[in-house]
Amino acid sequence: MALTRVTRLGRTVIASLAVTGAVLAAPLAAQAVPHPEAPAPKTSQQVTVRLHELAKASEKLAEQLNQAQIDVRAAQRTAAEATRAAAAAQAAARLAQRHLATSLASQYKSASFSRTAALLASSSTDGYLQTIQSMNLLTQHQSVVALTATKAISTSQAAAARAKAAVADAVAKRAVIATRQAELAKQVAKYKALLATLTAAERARYYNPVPQPSAKVVARVVARAVAPAPAPVTVTVKRSVPASPRPSSASRGAGAAISEARAQLGKPYSWGGSGPNTFDCSGLTAWAWRAAGVSLPHNAAAQQGMGRSVSRGDLQPGDLVFFGSPAYHVGLYVGDGMMIHAPTSGDVVKMSSLSYMSDYSGATRVG
C-alpha cells in the first residue's frame, strides 16, 4: 500500500506541474488596481497625474508577477525532485522486500526457521547457540532493512506532499494575480485612450518631464563610466600611500554591464520583458549584468537583496539603484547622477536622472 501511495503522489505532482505550466501562460499580474468608479480625468494635467499613478501601480504588479514566476519555477523544481525521490524509495523498498523474502525462504529450507527447529537440527549445545546467534543477527538485519525502507517511503511521501502543496500555493497566487491584471489592463486601456487625446507635445512632456540627454551626452557619460580606472599612483609624504581610483570609472564587470545596457537604448518597455527585444526594469538590469557573468533574479526587490548595499553618496557606475519599498523599480547607475532604465509601458529604455523618480530607496553593488 505504501508503494501505491507514493506512486499516486508522484502522478499527482506531475499533474500539478502540468497545471502550473498552463497557468504561467495567463495574463500579467495585478495587486492594487485604481478604483473602477474614479471620475474620468478631464484636463491634460489630470490625465498625466492618473497615468503616473497607473504606471507606478502597473510596474509594482509586473515585479510581483516576476517574483510569482520565480516562485512557481522553484516549486516545479521541488516537485520534480520529490518525484525522483519517491521513485528511488519505491525501488529501494522493492529491493528490500526481495531480500527479505529470499532470507525467509533460505531459513525455511535450511530448517533454521525457528528456535525449536534449530534445537532439533543441532548436534551440540555450541551448534545450537551459534545457530540462534546467526538467527538473531539476521533478524536484526531484516529489521534494519525494513525500517530503512519504511523511513525512505515516509520521507518521500512527505516531500511529495510538500511539493504538491507548494505548487498548489504558487498556482493559486498566480491565478489571483492574473485575475486582477485583467482589471488593471482595462484601466490602462481606458487611460491610454485619454492620453491619446493629448497633443504630441503634451504626451512628450508626460514621458519626459525632464529633457532627455542628447546622444552626445549619453556617449560621454557611458565613455567615462566604462573607461579603465587610472593606475594607482604613489604620493610620498612620510610614507607611500596609494591613491584611490576615481569613483567615476566602473569595474571591468560593471563596464560590460553598462555597455550592454547602452546597446538596449530605445527598445520598448513591456511587462515581464527580459530581452532581447523588449524589457521591463528588472529584466533590463538582469540582461545587462548577465553580459558581465553575473546572474540576477528577474525581480527588483530580489535584486536589492543581492551584492552589498551602498549609500547614494558612494554610488559608482554599474551599481543598481532602486525605487520604492519594497523596490518596484530598478535602474543601472552610469555616473553623473544618471541611470539607464526601462521606465514604464509605452516608453523605451533610456538614460534618465536619478531624480526622474521621487522614491529612491537605495543601491547595491553586485560586481
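Our subject is the structure listed above.
Report on the accompanying structure. Everything numeric in this text was worked out from a predicted model, so none of it was measured.

The rules behind the values
- Residue positions are given per chain, counted from 1 along the sequence in the order it is written.
- Only residues with pLDDT of at least 70 get local features here, since the model is predicted, and only at 80 or more are side-chain atom pairs given and counted; chain-wide, interface and lining totals rely on the full set of residues.
- To obtain the side-chain values, all non-hydrogen atoms of the structure were included, while hydrogens and water were left out.
- Residue types Ala, Val, Leu, Ile, Met, Phe, Trp, Tyr and Cys, when buried and joined through side-chain atoms within 4.5 Å, form a set referred to as a nonpolar core.
- For the exposure calls, accessible area comes from a 1.4 Å probe over protein chains only, and a residue counts as buried if that area is under 20% of its type's maximum, exposed if over 50%, partly exposed in between.
- Secondary structure is summarised from DSSP: a helix means a run of H or I of at least four residues, a strand means a run of E of at least two, and numbering begins at the N terminus for each.
- Here a residue-residue contact requires only that any non-hydrogen atoms of the pair lie within 4.5 Å.
- As a rule, the C-alpha atoms of each element are fitted with a line to give its axis, helices using only the stretch in contact, and angles between N-to-C directions run from 0 to 180 degrees.
- Each angle is binned into one of four classes, with values under 35 degrees roughly parallel, values over 145 roughly antiparallel, values of 65 to 115 roughly perpendicular, and all other values oblique.
- Left-handed describes a crossing whose near helix is turned anticlockwise from the far helix through less than a right angle; right-handed describes the clockwise counterpart.
- The rule for pairing is simple: two strands pair if DSSP sees at least two bridges between them.
- What makes a salt bridge here is a side-chain nitrogen of Lys or Arg within 4 Å of a carboxyl oxygen of Asp or Glu, nothing more.
- Think of the arc as the fan of directions from the helix axis to the C-beta atoms.
- Two aromatic rings from Phe, Tyr or Trp, using only the six-membered ring of Trp, form a pair when their centres are within 6.5 Å; if the ring planes differ by under 30 degrees the pair is stacked, by over 60 it is edge-to-face, and anything between is tilted.
- Whether a charge lies above a ring is judged from NZ of Lys or CZ of Arg, which has to be within 6 Å of the ring centre and within 35 degrees of the ring normal.

**Observations regarding the nonpolar core**
- If you look at the biggest cluster of nonpolar residues, it comprises 32 residues, and the most contacted ones within it are Trp-289, Leu-296, Leu-320, Leu-332, Val-334, Ile-340 and Met-351.
- For this core, the secondary-structure elements that each account for two or more residues are α6 (215–226), α7 (252–262), α8 (281–290), β4 (320–323), β5 (329–335) and β6 (338–341).
- Element by element, the count of residues in this core is highest for α8, at five residues.
- Non-local contacts of Leu-320, meaning those with residues more than four positions away in its chain, are made with Thr-285, Trp-289, Leu-296, Gln-303, Val-330, Gly-331, Leu-332, Gly-362, Ala-363, Thr-364 and Val-366.
- In terms of nonpolar packing, the next biggest core, distinct from the first, is built from eleven residues, Val-321, Phe-323, Tyr-328 and Tyr-333 among them.

**Considerations on the packing of α6 against α7**
- Between α6 and α7, the shortest axis-to-axis distance is 9 Å and the interhelical angle comes to 160°. Relative to α7, the element α6 lies roughly antiparallel. Of the two elements, α6 crosses α7, and the hand of that crossing is left-handed. Packed against α6, whose contacting residues are Val-218, Ala-219, Val-222, Ala-225 and Val-226, the element α7 presents Gly-255, Ile-258, Ser-259 and Arg-262 at the interface.

**Quick notes on the pairing of β4**
- Every second residue of β4 is oriented toward a common face, with Leu-320 and Phe-322 on one face and Val-321 and Phe-323 on the other, all of them buried.
- Sheet topology places β4 next to β5; four bridges connect them, and they run antiparallel. Its bridge partner being in β5, Leu-320 is matched across the sheet by Leu-332.
- Of the pairings in the sheet, the one linking β4 to strand β8 (residues 360–365) comprises four bridges and is antiparallel in character. Within β8, the residue paired with Phe-322 across the bridge is Gly-362.

**Describing the pattern of salt bridges**
- On inspection of all chains with the given rule, the structure shows six salt bridges.
- Its salt-bridge partner being Arg-220, residue Asp-336 comes within 3.5 Å of it at the nearest N-O pair. Of the two residues, Asp-336 sits in the loop between β5 and β6 while Arg-220 sits in helix α6, which places them 116 residues apart along the sequence.
- Judged by relative accessible area, Arg-220 falls into the partly exposed class, the value being 41%.
- Notably, a salt bridge pairs Lys-350 with Asp-347, separated by 2.8 Å at the nearest N-O pair.
- Judged by its relative accessible area of 6%, Lys-350 is buried.
- It is possible to trace a salt-bridge network through shared partners that takes in Arg-220, Arg-224 and Asp-336.

**Details of α7**
- Three or more residues of α7 are buried, namely Ala-254, Gly-255, Ala-257, Ile-258 and Ala-261. All buried residues of α7 lie within an arc of 160° about the axis, which places them on one face of the element.
- Considering only its buried residues, α7 is in contact with α6, α8, β5 and β6.

**Some remarks on the packing of aromatic side chains**
- Enumeration over the complete set of coordinates arrives at three aromatic pairs.
- Measuring from ring centre to ring centre gives 5.8 Å for Phe-323 and Tyr-360, while their planes differ by 85°; the resulting arrangement is edge-to-face. Placement of Phe-323 in strand β4 and of Tyr-360 in strand β8 is noted, with a sequence separation of 37 residues between them.
- For Lys-60, the ring lying beneath its charged end belongs to Tyr-328, and the centroid distance is 5.5 Å.
- A cation over an aromatic ring shows up here: Arg-312 above the ring of Tyr-360, its NZ or CZ 4.4 Å from the ring centre.

**Looking at the pairing of β5**
- Within β5, seven of the seven residues are buried, leaving the element largely enclosed by the surrounding structure.
- The antiparallel pairing of β4 with β5 creates a hairpin that spans five residues between the two strands, and Gly-324 there sits at a positive phi of about 85°.
- Bridging between β5 and β6 involves three bridges; their strand directions are antiparallel. What sits directly across from Leu-332, in β6, is Ile-340.
- Hairpin geometry of β5 and β6 is characterised by an intervening segment of two residues between the two adjacent antiparallel strands and by a positive phi of about 55° at Asp-336.

Treat this as a map of the structure, not an account of what it does.
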